[in-house]
Amino acid sequence: MTAGGVDADPAVGPILRFNIVDTIISVDNPGAPVTMASLGGSDPSQVPLVLTTWLFEFMHDLKDPATRLDPAAVGAHIDFYLDLWQGAEARCFDGVMWSEHHFGAAYSPSPNLYISHVAARTQHLRLGVLGMVGPYCTPWRVVEEFAMLSHITHGRYEMGLVSGIPPEFIAAGLSIPEMAERHAEVCAVLDAARKGGRLTHHGAHWSFDDLEVQPPFRDPSAPVWTATRSQGSARH
C-alpha cells in the first residue's frame with residue numbers, strides 16, 4: 001500500500017489517501033516481493049484479501065515557537081485532534097492506533113489517556129496503542145491498564161507493546177540492553193496475566209510472588225501488537 005496524497009476536509013482536517021498496490025513483502029524473505037498474482041495463480045481475485053483502514057497517530061506537537069508553549073494553543077491543538085479522531089468513525093475508518101513518545105516532538109506521553117477519552121465519544125471505532133513502552137512501566141501497571149481499557153472500550157481496545165526508541169530512552173539514562181531486558185519481562189508478565197490466575201515473576205528488574213491483578217481481561221485471547229525494525233525482533 002502506498003500513500004496517494006492528502007485531502008483537506010474542513011470538518012475533520014487532513015485526510016490521507018492510499019492507493020492499493022498488488023505487492024506484499026515476505027517477512028522471511030524481504031528481498032523477494034510476493035505478488036497477488038503469484039499467490040492466486042492467473043487470477044489475483046482468488047487471493048483472500050482483507051483491507052482495513054486505520055489512522056496511525058503520532059500526535060505532533062506545535063512547531064511554531066510562539067505557540068508551542070502556550071497552554072491555550074496546546075489545548076486547542078489537542079481538542080482539534082480529539083474531534084478528528086471522533087470524526088474517523090463517521091468516515092468509516094476501522095480504527096486509530098496511537099504511538100507513545102517523550103521529550104518533545106509529540107503530545108503523546110500516555111496514549112491510553114486519548115483512548116479512554118475517544119472511547120466515550122465513539123461506538124464502533126477500534127482503538128489501540130502501538131505501542132505502549134512497557135520498559136518505562138511496572139509489569140503489573142501494563143497488565144492493569146490493558147485490562148481496564150478492554151472493558152472501558154467494550155472490547156474495542158487493541159493492545160500494543162514496544163521497547164522504545166533509543167533517542168528517547170538514552171536521554172533518560174537507559175541503555176539498549178536494559179530496555180530489552182525490561183521489555184522481555186513485561187511481555188512475559190502480560191502473557192502470564194492473560195492466562196488468568198495470580199502472578200509470580202522473578203527477573204533481573206522485577207520480582208514478586210502471588211499478585212492478584214485486577215480486573216480480568218475482557219478477552220484474554222486478544223492479540224498484542226508490536227512494532228519492530230528487524231526480522232529477529234519480529235520473530236521473537
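Structure: see above.
Calculation notes
- Residues numbered from 1 in each chain as written.
- Predicted model: local features only at pLDDT ≥ 70, side-chain atom pairs only at ≥ 80, totals over all residues.
- Heavy atoms only, no water.
- Phe/Tyr/Trp six-rings, centres within 6.5 Å; stacked < 30°, edge-to-face > 60°.
- Helix = DSSP H or I, 4+ residues; strand = E, 2+ residues; numbered from the N terminus.
- Buried < 20%, exposed > 50% of the residue type's maximum accessible area, 1.4 Å probe, protein only.
- Salt bridge = Lys/Arg side-chain N within 4 Å of Asp/Glu carboxyl O.
- Core = buried A, V, L, I, M, F, W, Y, C linked by side-chain atoms within 4.5 Å.
- Contact = heavy atoms within 4.5 Å.
- Axes fitted to C-alpha atoms, helices over the stretch in contact; angles between N-to-C directions.
- Parallel < 35°, antiparallel > 145°, perpendicular 65-115°, else oblique.
- Left-handed = near helix turned anticlockwise from the far one by under 90°.
- Expected span 1.5 Å × (residues − 1).
- Arc of directions from axis to C-beta.
- Polar contact = N/O pair within 3.5 Å; in protein donor to acceptor, adjacent residues only side chain to side chain.

S.K.: What should I look at first to understand the packing of aromatic side chains in this one?
M.R.: How two aromatic rings sit relative to each other is set out by the distance from centre to centre and by the angle between their planes. Tallied over the full model, the rule gives six aromatic pairs. Measuring from ring centre to ring centre gives 5.0 Å for Trp-85 and Trp-98, while their planes differ by 85 degrees; the resulting arrangement is edge-to-face. Taken together, the positions of Trp-85 in helix α2 (residues 71-90) and Trp-98 in strand β6 (residues 95-98) put the pair 13 residues apart, joining distant regions of the chain. Under the relative-accessibility criterion, Trp-85 is labelled buried at 0%. Three or more aromatic residues link up through ring pairs in this structure, and these residues are Phe-80, Tyr-81, Trp-85, Trp-98 and Tyr-114.

S.K.: How should I be thinking about unusual backbone geometry in this particular structure?
M.R.: Note: most residues except glycine have negative phi, and most peptide bonds are trans. The omega angle of the peptide bond from Leu-130 to Gly-131 is -5 degrees, so this bond is cis rather than trans. Turning to its location among the elements, Gly-131 is positioned in the loop between β7 (126-129) and β8 (132-133). That bond from Gln-214 to Pro-215 is cis: its omega, 0 degrees, falls within 30 degrees of zero. With respect to the element layout, Pro-215 can be found in the loop between β11 (207-211) and β12 (224-225). With a phi angle near 70 degrees, Cys-92 is a residue other than glycine that sits in the positive phi range. With a phi angle near 65 degrees, Phe-103 is a residue other than glycine that sits in the positive phi range. Assignment of secondary structure puts Phe-103 in the loop between β6 and α3 (111-121). Residue Phe-103 is classed as exposed on the basis of its relative accessible area, which comes to 61%.

S.K.: Even after reading the chapter, I still don't get the pattern of salt bridges, so can you show me in this structure?
M.R.: Between side chains of opposite charge, a pair can form as their charged atoms come close. Under the counting rule described, the total for this entry stands at nine salt bridges. The closest approach of N and O atoms between Arg-121 and Asp-83, which form a salt bridge, is 2.5 Å. Placement of Arg-121 in helix α3 and of Asp-83 in helix α2 is noted, with a sequence separation of 38 residues between them. Among the residues examined, Arg-121 registers a relative accessible area of 26% and is labelled partly exposed.

S.K.: Explanation requested: the nonpolar core in the structure shown.
M.R.: Considering soluble globular proteins, one finds that nonpolar side chains tend to be buried as a cluster. Counting 40 residues, the largest nonpolar core has Trp-85, Trp-98, Phe-146 and Phe-217 as its most contacted members. At the level of secondary structure, the elements contributing two or more residues to this core comprise α2, β6, α3, β7, α4 (139-152), β9 (157-162) and α6 (176-194). By residue number, the principal contributor to this core is α2, which donates seven residues. Beyond its immediate sequence surroundings of up to four residues, Phe-217 is in contact with Val-143, Phe-146, Ala-147, Ser-150, His-151, Met-159, Leu-190, Ala-193 and Arg-194.

S.K.: Is there a simple way to think about the packing of α2 against α3 in this case?
M.R.: For any two helices packed against each other, the geometry comes down to the angle between their axes and how far apart the axes lie. The geometry of α2 relative to α3 is characterised by a closest axis approach of 10 Å and an angle of 50 degrees between their N-to-C directions. Classified by the interaxial angle, the pair formed by α2 and α3 is oblique. Once α2 is placed against α3, the crossing between them reads as right-handed. Contacts from Ile-78, Leu-82, Asp-83, Trp-85 and Gln-86 of α2 reach α3 at Tyr-114, His-117, Val-118 and Arg-121.

S.K.: Just checking my understanding: could you explain the environment of Asp-191 for this structure?
M.R.: Residue placement: Asp-191 occurs in helix α6. In this structure Asp-191 comes out as partly exposed when scored by relative accessible area, which is 40%. Placed 33 residues apart in sequence, Asp-191 and Val-224 show a C-alpha to C-alpha distance of 9.4 Å.

S.K.: I keep staring at α6 and nothing clicks. Help me out?
M.R.: Three- or four-residue spacings in an α-helix give side chains the same orientation, since the helix completes a turn every 3.6 residues. For α6, with 19 residues, the first-to-last C-alpha span of 27 Å sits near the 27 Å given by 1.5 Å per residue. Taken residue by residue, α6 has Met-179, Arg-182, His-183, Glu-185, Val-186, Val-189, Leu-190, Ala-193 and Arg-194 as its buried positions. The arc that holds the buried residues of α6, viewed along the axis, is 165 degrees, so those residues lie on one side. With a side-chain oxygen positioned 3.2 Å from the backbone nitrogen of Glu-178, the residue opening α6 is Ser-175. Backbone geometry just downstream of α6 places Gly-196 in the positive-phi region, at approximately 90 degrees.

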